[in-house]
Amino acid sequence: MKKTILTNWRVVIAIRPSYTHVKISALGFTGLDSDLDGTLTGPDVELSVAPRPLGDLGYASMSDRLISDDVDGDYRRRCEAMLAALLREPHVRSGRVEVDEESWCSHCDNRWEEMTADEAADLSTQFDANSFEGEPVCCREAIVEARTARGIPAPAYMGGAS
Ligand SMILES: [Zn+2]
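Residues numbered from 1 in each chain as written. Predicted model: local features only at pLDDT ≥ 70, side-chain atom pairs only at ≥ 80, totals over all residues. Heavy atoms only, no water.

Asker: Sorry if this is basic, but what is going on with helix α3 (residues 71–87) here?
Answerer: The end-to-end C-alpha distance of α3, which contains 17 residues, comes to 24 Å, matching closely the 24 Å that a straight helix rising 1.5 Å per residue would cover. Listed in full, the buried residues belonging to α3 are Val71, Gly73, Tyr75, Cys79, Met82 and Leu83. Considering only its buried residues, α3 is in contact with β1 (2–15), β2 (45–49), α2 (64–67) and β3 (92–105). (Helix = DSSP H or I, 4+ residues; strand = E, 2+ residues; numbered from the N terminus. Expected span 1.5 Å × (residues − 1). Buried < 20%, exposed > 50% of the residue type's maximum accessible area, 1.4 Å probe, protein only. Contact = heavy atoms within 4.5 Å.)

Listed below in structure tokens is the structure:
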């Protein structure tokens, strides 16, 4: 079975450097003579901002799952609130919420991969004539499971459907 988690929630914003009035000393260039502490300029730059972990309470830190029974929903809401607040700032030109999806197989723990339409139709890559687009490719258990759900027999060389 395909198992999926969402990870790396983030808010991506494009900011106009000259509107920030930020001195480069604020970016960690410490010890500069004040005459050398210039302000940012140039074209818009994109920054990714990770939300504070749900389990980070300031005075204590614990697992997200102990704090929330809807971790993904809470991260999405936190990121959307961050985005809304950031977009009210004049130097923020645009923004969006992004997240990565990671999928793996519950049977073999390998990264989840599926056959493409071309691979399913190609004699050199299909398991047999019943291969289909989206068929898992990692292990026998996943293939048989996906085929059973569609009423397709297991590939002959892998043995019958169990
Ligand atoms: Zn597998």
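Still more ground to cover, so stick around.
Asker: I keep staring at a negative patch on the surface and nothing clicks. Help me out?
Answerer: On the surface, a cluster of negative charge is contributed by Glu113, Asp118, Glu119, Asp122 and Glu133. Tracing the backbone shows aspartate 122 in the loop between α4 (117–121) and α5 (140–150). Residue classification places aspartate 122 among the partly exposed residues on the basis of a relative accessible area of 34%. (Patch = residues over 30% accessible without salt bridge, like charges linked within 9 Å, V, L, I, M, F, W, Y side chains within 5 Å. Areas by Shrake-Rupley, 256 points an atom, 1.4 Å probe, with all protein chains shown as cover. Salt bridge = Lys/Arg side-chain N within 4 Å of Asp/Glu carboxyl O. Lys, Arg positive; Asp, Glu negative; His and termini not counted. Charge placed at Lys NZ, Arg CZ, Asp CG, Glu CD.)

Asker: Even after reading the chapter, I still don't get the coordination of the zinc ion, so can you show me in this structure?
Answerer: Around a metal, the idealised angle for a tetrahedral arrangement of four donor atoms is 109.5 degrees; for an octahedral arrangement of six donor atoms it is 90 or 180 degrees. Around the zinc ion, the protein contributes the donor atoms Cys105 (SG), Cys108 (SG), Cys138 (SG) and Cys139 (SG), at 2.2 to 2.3 Å from the metal centre. Along the chain, the residues donating to the zinc ion are arranged with the sequence spacing C-x2-C-x29-C-C. Taken together, the positions of cysteine 105 in strand β3 and cysteine 139 in the loop between α4 and α5 put the pair 34 residues apart, joining distant regions of the chain. Considered together, cysteine 105 and cysteine 139 belong to a single accessibility category, that of buried residues. (Donors = N, O, S within 2.8 Å, 3.2 Å for Na, K, Ca; no water.)

Asker: In this structure, what is going on with the packing of aromatic side chains? I would like to understand it.
Answerer: Inspection of the entire model under this criterion finds zero aromatic pairs. Against the face of tyrosine 19 rests arginine 16, its NZ or CZ located 5.7 Å from the ring centre. (Phe/Tyr/Trp six-rings, centres within 6.5 Å; stacked < 30°, edge-to-face > 60°. Lys NZ or Arg CZ within 6 Å of the ring centre and 35° of its normal.)

Asker: So what exactly am I meant to see when it comes to unusual backbone geometry here?
Answerer: What you tend to see is this: most non-glycine residues have negative phi, and most peptide bonds are trans. The phi dihedral of asparagine 8 is positive, around 60 degrees, even though this residue is not glycine. Taking the relative accessible area as the measure of exposure, asparagine 8 reaches 45% and is therefore partly exposed. Its identity as a non-glycine residue notwithstanding, aspartate 109 has a phi of 65 degrees, on the positive side. For aspartate 109, a relative accessible area of 58% corresponds to the exposed category.

Asker: Which parts of the structure should I look at to understand the pattern of salt bridges?
Answerer: Close approach of charged atoms allows side chains with opposite charge to pair. Under the definition given, this model contains 10 salt bridges. Across the pair arginine 16 and aspartate 44 runs a salt bridge whose closest N-O atoms are separated by 3.0 Å. Here arginine 16 is found in the loop between β1 and α1 (17–20), whereas its partner aspartate 44 is found in the loop between α1 and β2, with 28 residues between them in sequence. Judged by relative accessible area, aspartate 44 falls into the partly exposed class, the value being 34%. For arginine 96, the salt bridge is made with glutamate 46, and the minimal N-O distance between the two is 3.2 Å. Of this pair, arginine 96 sits in strand β3 while glutamate 46 sits in strand β2, and the two are 50 residues apart along the sequence. Taken together, the shared-partner salt bridges connect Arg10, Glu46, Arg96, Glu98 and Asp100 into one network.

Asker: Is there a simple way to explain α5 in this structure?
Answerer: A turn of α-helix holds 3.6 residues, and therefore any two residues three or four places apart point the same way. Looking only at α5, the buried set comprises Ala142, Ile143, Val144, Ala146 and Arg147. Contact partners of the buried residues in α5: β3. Two residues or fewer after α5 comes glycine 151, characterised by a positive phi angle close to 70 degrees.

Keep in mind these numbers describe shape, not what the thing actually does.
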